[in-house]
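Report on the structure
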Amino acid sequence: MTIEELEQVAKSVCQENEKYDFEVNVCMDLACMSQGADRLREALEKAAGASDKHVLVRRTGCMGPCSSGPLVRVDPEETLYHHVNAGHAEAIVASLGGAPVPELQCDLNDHFDRQVRVVLENAGHIDPEKIDDYIARDGYKALLTALTEMTPSGVIHRITESGLRGRGGGGYPTGLKWGTVAKAGGELKYVVCNGDEGDPGAFMDRSVMEGDPHRVIEGMAIAAYAVGASKGFIYVRAEYPVAVSRLTTALRDTRRRGLLGSGICNTPFNFDVEIRLGAGAFVCGEETALLASIEGRRGAPKPRPPYPAVSGLWGKPTLINNVETFANIAPIVRNGGKWFANMGSERSKGTKVFALTGKIANTGLVEVPMGIKLREIIEVIGGGVPDGHTFKAVQTGGPSGGCIPAEMLDLGVSYDALMAVGSIMGSGGMIVMDDTSCMVNVARFFVEFCMTESCGKCIPCRAGTAQMFTLLSRICEGSGTMEDLDLLVSLCNTIKETSLCGLGMTAPNPVLSTLKYFKNEYIEHIVHKRCPAGVCNMEAHASEVSKEVLA
Amino acid sequence: MSESMGVKTLIIDGQEVSARSGQTILEVARENDIKIPTLCHIEGLGAVGACRLCLVEVKGTSKLFPSCVANIHEGMEVLTDTERLRKHRRVILELLFAERNHICSVCVSNGHCELQALAQEQGVTHISLPYRNPALAVDASHERFTVDHNRCILCTRCVRVCAEIEGAHVWDVMGRGIDSIVITDLHDEWGASSCTRCGKCVQVCPTGALFDKSKIGSDHPKYPDFLPYLNLMREAQ
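Just so it is clear, the model here is predicted, and its values are computed rather than measured.

1. Brief notes about the overall build of chain B
Scanning chain B from N- to C-terminus turns up six helices and 10 strands. Since a compact globule built from 237 residues should have a radius of gyration of about 18 Å, the 19 Å found for chain B is in line with a globular shape. By the burial criterion, 51% of the 237 residues in chain B qualify as buried. Looking at chain B alone, contacts between residues at least 24 apart form 61% of all its contacts between residues at least 6 apart.

2. Thoughts on the interface of chain A and chain B
Taken together, the contacts link 32 residues of chain A with 31 residues of chain B. Area buried by chain A at its contact with chain B is led by A:I459, A:R462 and A:Q467, which between them contribute 24% of it. Where chain A touches chain B, the interface holds 16 residue pairs in polar contact (both at pLDDT 80 or more). Those elements that place two or more of their residues in the side of chain A that touches chain B are α18 (439-453), α19 (459-477) and α20 (482-498) of chain A. Broken down by element, the residue count for the side of chain A that touches chain B peaks at 10 residues, all from α19(A). Here the residues of the side of chain A that touches chain B sort into 14 nonpolar, 12 polar and six charged.

3. Here we look at the sheet that holds strand β10 (residues 364-369) of chain A
All names here are of chain A. Taking strand neighbours across the sheet as the criterion, the five strands line up as β10-β9-β13-β11-β12 in an open arrangement whose pairing is mixed. The sheet is open, and its two borders are formed by β10 and β12 (402-405), each paired with just one other strand. Within this sheet the neighbouring strands show an average axis-to-axis angle of 30 degrees, counted without direction. Here strand β9 (residues 351-358) pairs with β10 via six bridges, running antiparallel.

4. Topic: the sheet that holds strand β7 (residues 145-148) of chain B
Strand pairing in a sheet relies on backbone hydrogen bonds. The paired strands run either parallel or antiparallel. Ordered by their spatial adjacency, three strands build an open sheet running β6-β7-β10 (chain B), and the pairing between neighbours is antiparallel. Looking along the sheet, the strands with just one partner apiece sit at the ends: β6 (138-139) and β10 (210-212) of chain B.

5. Focus on the environment of A:C32
All names here are of chain A. For C32, the location among the structural elements is in helix α2 (residues 30-33). With relative accessibility at 2%, the residue C32 sits in the buried group. Linking C32 and R255, residues 223 residues apart in sequence, is a C-alpha distance of 30 Å.

6. Looking at the packing of α20(A) against helix α22 (residues 509-517) of chain A
Residue and element names in this part refer to chain A. Running from N to C, α20 and α22 cross one another at 135 degrees; their axes reach a closest spacing of 10 Å. As far as their axial angle goes, α22 and α20 are oblique. Crossing geometry of α20 relative to α22 is assigned as left-handed. Every residue of α22 that contacts α20 at L485, L488, V489, C492 and K496 is listed here: N509, V511, L512 and L515. Among the residues forming the contact of α20 with α22, the class breakdown is seven nonpolar, one polar and one charged.

7. Digging into the side chain of A:S513
Residues and elements named next belong to chain A. Counting through the fold element by element, S513 comes out in helix α22. By relative accessible area, which is 2% here, S513 ends up buried. Leave out the neighbours within four places in its chain, and S513 touches G402, C403 and G422.

8. A short note on the domain arrangement of chain B
All names here are of chain B. The domains assigned to chain B are domain 1 (7-81) and domain 2 (111-223). One C-alpha centre belongs to domain 1, the other to domain 2; they are set 27 Å apart. When domain 1 packs against domain 2, the two sides together hide about 1,000 Å² of surface, and 62% of this comes from carbon and sulfur. Considering only the side of domain 1, the residues that lose the most area to domain 2 are L39, I42 and L45, jointly responsible for 50% of the buried surface there. Linking domain 1 with domain 2 are one salt bridge, by the criterion used here. One salt bridge connects E121 with K35, and the closest N-O pair in it is separated by 3.2 Å. Here domain 1 and domain 2 share six residue pairs in polar contact (both at pLDDT 80 or more) between them.

9. Here's the deal with the domain arrangement of chain A
Residues and elements named next belong to chain A. Partitioning chain A into structural domains gives domain 1 (8-113), domain 2 (138-341), domain 3 (351-434) and domain 4 (439-546). Just the C-alpha atoms count here: the centres of domain 2 and domain 3 sit 27 Å apart. Between domain 2 and domain 3, the residue contacts involve 16 residues of the former and 20 residues of the latter. Both faces combined, the contact of domain 2 with domain 3 buries some 1,400 Å², and carbon together with sulfur accounts for 59% of it.

The rules behind these values
Residues numbered from 1 in each chain as written. Chains lettered and ligands numbered in written order. Predicted model: local features only at pLDDT ≥ 70, side-chain atom pairs only at ≥ 80, totals over all residues. Heavy atoms only, no water. Helix = DSSP H or I, 4+ residues; strand = E, 2+ residues; numbered from the N terminus. Rg over C-alpha atoms; globule rule 2.2 N^0.38 Å. Buried < 20%, exposed > 50% of the residue type's maximum accessible area, 1.4 Å probe, protein only. Contact = heavy atoms within 4.5 Å. Buried area = accessible area lost by both parts, 1.4 Å probe. Polar contact = N/O pair within 3.5 Å; in protein donor to acceptor, adjacent residues only side chain to side chain. Nonpolar A, V, L, I, M, F, W, Y, C, P; charged D, E, K, R; others polar. Pairing = 2+ DSSP bridges. Axes fitted to C-alpha atoms, helices over the stretch in contact; angles between N-to-C directions. Parallel < 35°, antiparallel > 145°, perpendicular 65-115°, else oblique. Left-handed = near helix turned anticlockwise from the far one by under 90°. Domains from an automatic or database assignment. Salt bridge = Lys/Arg side-chain N within 4 Å of Asp/Glu carboxyl O.

The structure is reproduced here in structure tokens:
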């Protein structure tokens, strides 16, 4: 396929769309699907067919505010309807061209106006299973431009210039990583996409893979051209069946169009991608464990160096990036590095997708420029804490991250700023907690997660997380002592400094950050045997004590 | 000149030493009689960097490096025995003792156990962490050997010696995290497994987890020194 052919496809899609007076976009992301979006779409199609209006009913990827689903957006008016079900289909179709249906309309202007959409630019606008929809929105243009007009080093230069940093959590400069793999010797190199999103409360990568799978594939193909790789793998967790099926469809269509395979766009560039399914291990999100899993071995990390860039899959140089990192590539190649570098803060460029969950009004997916204040994300975009409760803390970075208290809400979101307050950017989960959340219990939850997800290879993580869990459980049950607290701190320190991989090194973060900002809650549990939030059940211990007294 | 010949110089614990490019910190330290504690590492098997006891400090970075897998580089300054490292080593050993049921007085390896020796050397006099006391099985189905999971520290020496040296790959690790255990074949009984009965795993096991049945109740010294010789002889061929 050439650029001319690509433009031809885009043109024919536009012509086809112009036949319709109205576009009814139905969000078919997992959250909306689980609330009957598929039945809704059928009903809308039926209603549209029965009416004399020219209506295009389109399934799309995640529109963002998942808690308001199922969502429907009517174009060209851009009317957004929430909590729609199949019964509303006729009313919606009938309203087209007239006044919107008032009881379904929702006002989320604050929610959308503050967002900047780069990764999610197509979300809600294209059918994820139609490659032509993606092409009509400049899809694969970046790949073909790179192949025909740019050298591999030119592509790397553009990525470096953009200042893009790894979106999987580590924040390693993407251009630097690509440059290292490009310089590594050897004929055979691999490109791997890390779609093993496992943080509790994080669903950014799932939504990207489900809503815009071609964007990931295009990013990988550009990366492969830049580093000289000919084979790619997308590692997706098996718990994401919709993502897997949409990626499979996307790969098939991409091959049919000649955008993957041999001699892409009449150039000597060959590249193809295979999907590998994860078997449910969180640790396989760690790059060396992920590579071991692709090779068919036990998913356990290896000490680095050697880094995958030098010796990765089957000992070959391997570029491994996160889904969201790859999703940023096409727009950067299309619009230039400077365009991307203009967004964001000093050392964190571009935008970041966050999954807002927990005690917040607008649960769902948001994309904001780096450097935006946490307060703006939570209070304006997220709509604040509902039901009259007060905000207590926001947990970023999943089980590896920390809890940030209300005093620090004016913090600008960037890799370095979050690190400085004892949390991390992570892959982008943001769990909001209010006055009904017990911070000791929250720490225990995340430590339990790390304990069960530890691979068991190194001692500090394997036995250390289990000991942390025991000590935190004691405190939550009312049998903890101040000595236990000292022990916990000493343990955290050793686990952080001596663990083999990132899972262990960051596992103490939820404990350390809650201890730093909410130590009084620990003291309340230990000394006064009471849980200020009323979450922990301490009665069991209290009754034991009273029995002892009676005896 | 020294660069081109692949010879590097570095400082370990204040002592200037020379090394070949590509050597690990541990190798160079041992050549120079500088002792770094190790548990999962054993000469003759591939290093996995899992026990974290051999971590060392390198001047100029706050990161700790596992000396069994970290390569040396020109001019680096390594510290192997600082208070920070000693503290971490004690905590790691405590974690091991509290993880399973290590009762030295009734163990076949009492007196010649690598874990016990390390604990004495590192000054672990008591365990402040809560004992987990897990209920773990003993598999005595093999005609010659027994595996007592209560004494296993998951160093994976048995897994590696069986795969890398014997070529049988009977041993492997099952489960995750704190529930990990070593298994034979697909969690079959050791006696019913494809074990070749060579006994190498028993000799390299640092504790009393794998032992020879004929030695129950008596002293059971182990002789892992065969490994370097075996590798040497194989290379000579």
